[in-house]
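Residues per chain, in single letters:
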Amino acid sequence: MEKKSSFIHQIEEFRQSNVLIADSISIGNQAIVRYTGEFWTAKQRQANALHEISYRACFKPQLPRFFIEHLTQPGDKVYDPFSGRGTTALEAALMGRVPVANDINPLSAMMAAPRLLPPMVEEVKQRLSEIDLSPSNSTEIDLTMFYHTDTFRELLNLRSYLIGKDGNGSLDSTDRWIRMVATNRLTGHSTNFFSGYTFPPNQAVSANRQRLINQKREQVPPYKNVKEIIVKKTKDLLKGIAEKERSTLFGIAAQAQFVTGPADSTKAISADSVALTITSPPFLDIVQYSDDNWLRCWFNGIDADAVASGITMSKKVEDWCIVMQGVFDELFRITKPGGYVAFEVGEVKNGKIKLDEAVVPLGIGAGFICEVIVINAQEFTKTANIWGVSNNSKGTNTNRIVVFRKNTATKLGGS
DNA sequence: TCAACGAGTAACGTTGTACT
DNA sequence: AGTACAACGTTACTCGTTGA
């Protein structure tokens, strides 16, 4: 006889001391308990600064922290099949858990893995001083709507250096750090980006649109010093990394696993090995992941169109569910008996579609037990101000997490 | 043709705190 | 008193796709 999940007990205690809403929803023939409230706060600058690289559609580090704290022990494997910038992987590593991460876009591991091996600022300065960014460079692509010609020349040289060393296998952890920082400085709306004024840094607009933005603002991209900007951002990222954090991360990094491929077929990850999965899949077709990352892919020699063809962009919930069922089946394979999945989605289409309700049967269909739905609702910046969408009135304003558990008893007739 | 829809972020400025 | 910096509230701003 299996004992009652201690997680629900913890949530219930939390609820009683914080006066949260508890109700339940019927899905199929089951009543799923649902708690709504402010389980964690998610303001800016409340987590480790090492997280602060922009990537489209990332959740706040407080989200994985909450579930890692409650559901794992140090040394446990914590997995994210839609890893993105690697929020789950990094937060897990900072907490002494072993990260396993997957993403269809190779950009993801390039952004996540180097931050498990944070260098000293001096190492980065030294390496940059050894790279010659001055030679004039023939270009196969015009990006002068984004960059001053001298900045563009520096970027082309850095790109050749990185792609060259990657190609002959001589890229080291300092180079990978520089590649991660540079990729994140390619476009942005303020001074410490290589580009002139453009969109906020998680989305690169098309070249044509950038020309129009330049016209409208009567701007020509100003000169930006590539090496100086990389050093500046390196310092910012390393603010929260004292020796204690550095040694935790270095100890963990050697055990971490980064996989690049579809989330429903991750053969490199062992069966029955993962203690906790924390993830957030694409929400239907809301975010244009490969378009938003086209410049980053170019900088790293990645074919963005090829990546795009593998990304789930279903418009309809039914189509999305078919793809996600495959993901859940794979999660069931790799989760260890007694392990958990915390699957985060949001409400979309002006609140009409609550994806958490669609997720419940998928996990059950894969063999999991649905434990509870945790909804973090608060006044916080999720969709605030961008596109003129005001916070808590439109767009996705809550984190809706469906928590599943794999029974410790062996499933009968399992293949 | 037009309206609906939508997974932010970095810098600035003010206030607070620590140290000389 | 003066300096440095940490903390944090506030501020600025755009595109692309779809379906009626």
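Please read all numbers here as calculations on a predicted model, not as lab measurements. (Residues numbered from 1 in each chain as written. Chains lettered and ligands numbered in written order. Predicted model: local features only at pLDDT ≥ 70, side-chain atom pairs only at ≥ 80, totals over all residues. Heavy atoms only, no water.)

Whenever I open this one, the protein's contact with DNA strand C confuses me. Can you help?
Near DNA strand C, the surroundings consist of 18 residues, among which Arg45, Phe199, Pro200, Ser206 and Arg209 are the closest. The contact atoms of DNA strand C, taken as those within 4 Å of the protein, divide so that sugar and phosphate hold 50%. Serine 206 places a polar side-chain atom, nitrogen or oxygen, 3.1 Å from a phosphate oxygen of DNA strand C. Take arginine 209: an N or O atom from its side chain is 2.9 Å from a phosphate oxygen of DNA strand C. Ranked by residue count, the leading element in the surface near DNA strand C is helix H8 (residues 207–217), at 4 residues. Residues of the surface near DNA strand C, tallied by class, amount to 7 nonpolar, 4 polar and 7 charged. (Near = heavy atom within 4 Å. Polar contact = N/O pair within 3.5 Å; in protein donor to acceptor, adjacent residues only side chain to side chain. Helix = DSSP H or I, 4+ residues; strand = E, 2+ residues; numbered from the N terminus. Nonpolar A, V, L, I, M, F, W, Y, C, P; charged D, E, K, R; others polar.)

What is the right way to read the packing of aromatic side chains from this model?
Both the distance between ring centres and the angle between the ring planes are used here to describe each pair of aromatic rings. In this structure the tally under the stated criterion is 17 aromatic pairs. For the pair phenylalanine 39 and phenylalanine 66, a centre-to-centre distance of 5.7 Å together with 65° between the ring planes defines the contact as edge-to-face. Residue phenylalanine 39 is found in the loop between strand E2 (30–37) and helix H2 (62–71), and its partner phenylalanine 66 is found in helix H2; the two are separated by 27 residues along the sequence. By relative accessible area, which is 6% here, phenylalanine 39 ends up buried. Within the aromatic cluster, the residues linked to one another by ring pairs are Phe7, Phe39, Trp40, Phe66, Phe67 and Tyr340. Against the face of phenylalanine 332 rests lysine 406, its NZ or CZ located 4.5 Å from the ring centre. (Phe/Tyr/Trp six-rings, centres within 6.5 Å; stacked < 30°, edge-to-face > 60°. Buried < 20%, exposed > 50% of the residue type's maximum accessible area, 1.4 Å probe, protein only. Lys NZ or Arg CZ within 6 Å of the ring centre and 35° of its normal.)

Without other data, these values stay purely geometric and don't point to any function.
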